[in-house]
Amino acid sequence: MMKRPALPFIFLLATACPALAGEIWVSNEKDNTLSVIDIESLEVIRTIETGERPRGIIFAKDHSVLYICASDSDTVQVMDPETGKILHNLPSGEDPEQFSLHPDNRLLYIANEDDAITTVVDTVTRKVVAQISVGIEPEGMAVSPDGKMAITTSETTNMAHWIDTETQEIFSNTLVDQRPRHAEFTSDGRRLWVSSEIGGTVTVFNTEDQSEAAKINFEIKGISADRVQPVGIRITQDGKRAFVALGPSNHVAVVNAETFEVEKYILVGRRVWHLEMTPDEKQLFTTNGVSGDVTVIDAENLKAVKSIKVGRFPWGAAYRP
Amino acid sequence: MKKTLYGFLFIFAFILSGATQHPANASDVTKISIDYIARDFMLPPTLSNLDPFAADTGLQGAMLGIADSNTTGRFLDQDFKLRTIIIAEEEELADGLEKTGKLNGLIVTTLPAGDLTALSEMLDESAPEALVFNAGAADNSLRNAECIRNVLHTLPSWAMLSDALAQFALRKRWTEWLLLTGPDPDDRQFSSSLRQSAKKFGTKIVEDIEWDTNSDLRRNAHEEIPLLTNNSDYDLVAVTDRFGDFARYLPFNTFRPRPVIGSEGLQPVAWSRVVEQWGAAQLQSRFTEQAGRPMQAVDYAAWAAVRSIAEAAARTKSADPAVLRAYMLSDKFQLAAFKGRKMSFRDWNGQLRQPIPLVHSRAVVTTAPLDGFLHPVSEMDTLGFDRPLSKCEAFKK
């Protein structure tokens, strides 16, 4: 019927049949854009403009809107992913960098990097619910699967701050190695993984009592230890395997999440930052800040299969059906 | 015209350092007091007054270090305080310190090498456990034969800076250098260090001249500089000019079209406002907000000194200088300090090992250690005095 495949048409198809297709949305920190990658063709199908310095991105649970930390615009933008239009802005506090959406699909926990504050915003009323003083340069943000606790990690204070989401107050602080960047709960909520970029380690905590369950070290042949800098983390739903992005070592570590042993290192693009998986956990996407591309990893065979050029300094990544 | 540096700063500094205090009522809060000692000095006259020296260089870095550390300290019941002591230009160090009463056991200074040695001798008598951080003197001797047991260095030595330049020049194959040395004693130290780096990395100084032109180069640089640089051929001009008196007139005025490195053109630095990678932008913006000017190398070194104290205090839960020193010199200590690699102290001479950005006024060109300069322990130890060649005895035990 159609002589040439028009992009909007493909796009309509894609959204109509979520089981067959999906997209990885990538924020390009130094281009003020998002690149949208089709997970089947593994090509960039859309490029969308955003506010200044987009970093953390996250979809609402029903994928109806995309939240974007536009760090230098000091706001969280709410985008209609269909049209790419900004619907409105949320008050985010200064310099929002990373955030996490509460399981209630309503509260956003935002790390304000320049302000040593975690801001809690109600996405419905568009009001700030709470601001919590944390350490210097808060960055990593995670909310537990049961929604009872939130974690902020602060880069210069070198701590994970444990926040009670009922009182919006810190109930515990745990020191980790230098420059914590990212926090990630296991799907059962029993463990919390925190990466320390300069320390070169990942600390795993038991969430029940905030005790340390393990500390993971990384060693890549031929790469100086201080270039191995863990940032992004993804843990599979069954809690058996974790992927850790190792920054300027240009590798992603595959970790046995039960024994905490590193099983493999996969070579990706330069300065790998954050990771996103498809829901079937067959594909892993990595944002590579310096080389300006995204590496696609076959997450079953643990092999890099393609690199996709995106914008300058790709930072965050989020899946959308 | 002479400019005195600190003048009115006294009161200002006390107010600001007071402002970083926390209301610590609880009795289980550990107070950690740090003394900051600097010497006021007269700047020599320079041809151009485009880039004024900030009177509070160093102090602002230490103050930011205190503010940063108190944010962490709040969660650990540790409260950091800074006391500022400025020695007047003509004053003997001992006289200046007498007025302040007993010194704290943790001291950050930007004092010149002579004062630093005098300070450590005084402390040997009165407070042998005291720990001093040198954030102001780049002297190689302090990291080598004349090292002092209780002095750690957060400012890079001249040798680290000149080695960084040599690595870059070698990578570029700019192996023949014309070296131009300024009149300040620091210029001679930097030049001497450049000569050693040339030997260490196998580059060659084809001409070695001292700056002695008295004319006003703002008017006739285009005539003077070519005459000075028209002898043998060279790949680059290395210049040492601590106060930025004449070196600024070298670029584009040399007889041959050659790059300028050293105190002008491509400069090796502990820090510069153009450093923005690895989260540095955050540190820069915190500093600029506080100080109203960009962060300088000495500010950075003073900040790193306070942060080292705080980091060691957080991990050891102690404020005892001897405990902190032992921890800092152990392989457990690590400091994240916005230059892309974790930093630590060399246990053979107390120098903070750190990357050296090579910058021009508008951007970072690259950062040493450069890829390919390998080392069995840490690539950062390709810069400065490495363990096997160290003549420092005071750290051996």
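Preceding block: the structure.
Residues numbered from 1 in each chain as written. Chains lettered and ligands numbered in written order. Predicted model: local features only at pLDDT ≥ 70, side-chain atom pairs only at ≥ 80, totals over all residues. Heavy atoms only, no water.

**Q** Explain the packing of helix 2 (residues 59-76) of chain B against helix 8 (residues 280-291) of chain B residue by residue, including any values.
**A** Residues and elements named next belong to chain B. For the pair helix 2 and helix 8, interaxial distance at closest approach is 10 Å and the crossing angle is 115 degrees. With respect to each other, helix 2 and helix 8 are oriented roughly perpendicular. The handedness of the crossing between helix 2 and helix 8 is right-handed. Within the contact between the two elements, helix 2 uses Gln-60, Gly-61, Met-63, Leu-64 and Asp-68 and helix 8 uses Leu-283, Arg-286, Phe-287, Gln-290 and Ala-291. Split into classes, the residues belonging to the contact of helix 2 with helix 8 amount to 5 nonpolar, 3 polar and 2 charged. (Axes fitted to C-alpha atoms, helices over the stretch in contact; angles between N-to-C directions. Helix = DSSP H or I, 4+ residues; strand = E, 2+ residues; numbered from the N terminus. Parallel < 35°, antiparallel > 145°, perpendicular 65-115°, else oblique. Left-handed = near helix turned anticlockwise from the far one by under 90°. Contact = heavy atoms within 4.5 Å. Nonpolar A, V, L, I, M, F, W, Y, C, P; charged D, E, K, R; others polar.)

**Q** Provide a residue-level description of a negative patch on the surface, including the pertinent values.
**A** Together, Glu52(A), Asp74(A), Glu94(A), Asp114(A), Asp115(A) and Glu289(B) line one region of the surface with negative charge. Topologically, Asp74(A) is positioned in the loop between strand 5 (66-70) and strand 6 (75-80). (Patch = residues over 30% accessible without salt bridge, like charges linked within 9 Å, V, L, I, M, F, W, Y side chains within 5 Å. Areas by Shrake-Rupley, 256 points an atom, 1.4 Å probe, with all protein chains shown as cover. Salt bridge = Lys/Arg side-chain N within 4 Å of Asp/Glu carboxyl O. Lys, Arg positive; Asp, Glu negative; His and termini not counted. Charge placed at Lys NZ, Arg CZ, Asp CG, Glu CD.)

**Q** So, the pairing of strand 8 (residues 176-181) of chain B: which residues are in play, and what are the values?
**A** Residue and element names in this part refer to chain B. Taken across its 6 residues, strand 8 has 5 buried, putting it largely inside the fold. By the bridge criterion, 6 bridges tie strand 8 to strand 9 (residues 204-210) in an arrangement that is parallel. Considered in strand 9, the bridge of Leu-180 is made with Ile-209. At this point the chain moves from strand 8, through helix 6 (residues 185-201), to the parallel strand 9, and the crossover so formed is right-handed. Taken together, the 5 bridges between strand 8 and strand 10 (residues 236-240) define a ladder with parallel strand orientation. From the neighbouring strand, Leu-178 faces strand 10, where its bridge partner is Val-237. (Buried < 20%, exposed > 50% of the residue type's maximum accessible area, 1.4 Å probe, protein only. Pairing = 2+ DSSP bridges. Right-handed = clockwise from strand over helix to strand, strands pointing away.)

**Q** Quick one: what's the story with unusual backbone geometry, residue by residue and with numbers?
**A** The peptide bond linking Ala368(B) to Pro369(B) adopts the cis configuration, its omega dihedral lying at 5 degrees. For Pro369(B), the location among the structural elements is in the segment after strand 16 (363-368). At Arg179(A), a residue that is not glycine, the phi angle is positive and equals roughly 60 degrees. Of the residues examined, Arg179(A) reaches a relative accessible area of 6% and is grouped as buried. At Phe260(A), a position not held by glycine, the phi torsion is positive, near 65 degrees. Residue position: Phe260(A) is located in the loop between strand 22 (251-256) and strand 23 (262-267). Relative accessible area serves as the criterion here: at 16%, Phe260(A) is assigned to the buried category.

**Q** I'd like a rundown of the interface of chain A and chain B, residues and numbers included.
**A** Taken together, the contacts link 29 residues of chain A with 28 residues of chain B. Approximately 2,300 Å² of surface area, both sides summed, lies buried where chain A meets chain B, with 49% of it carried by carbon and sulfur atoms. Per-residue buried area on chain A facing chain B is highest for Gln178(A), Ile198(A) and Asp226(A); these three make up 23% of the total on that side. Summed over the shared surface of chain A and chain B, the result is 2 salt bridges. Ionic pairing is found between Arg286(B) and Glu137(A), a salt bridge with its closest N-O pair at 2.5 Å. Summed over the shared surface of chain A and chain B, the result is 14 residue pairs in polar contact (both at pLDDT 80 or more). Going through the elements one at a time, strand 14 (159-164) and strand 15 (169-175) of chain A are the ones with two or more residues in the side of chain A that touches chain B. When residues of the side of chain A that touches chain B are assigned to their parent elements, the largest contribution, 3 residues, is made by strand 15 of chain A. (Buried area = accessible area lost by both parts, 1.4 Å probe. Polar contact = N/O pair within 3.5 Å; in protein donor to acceptor, adjacent residues only side chain to side chain.)

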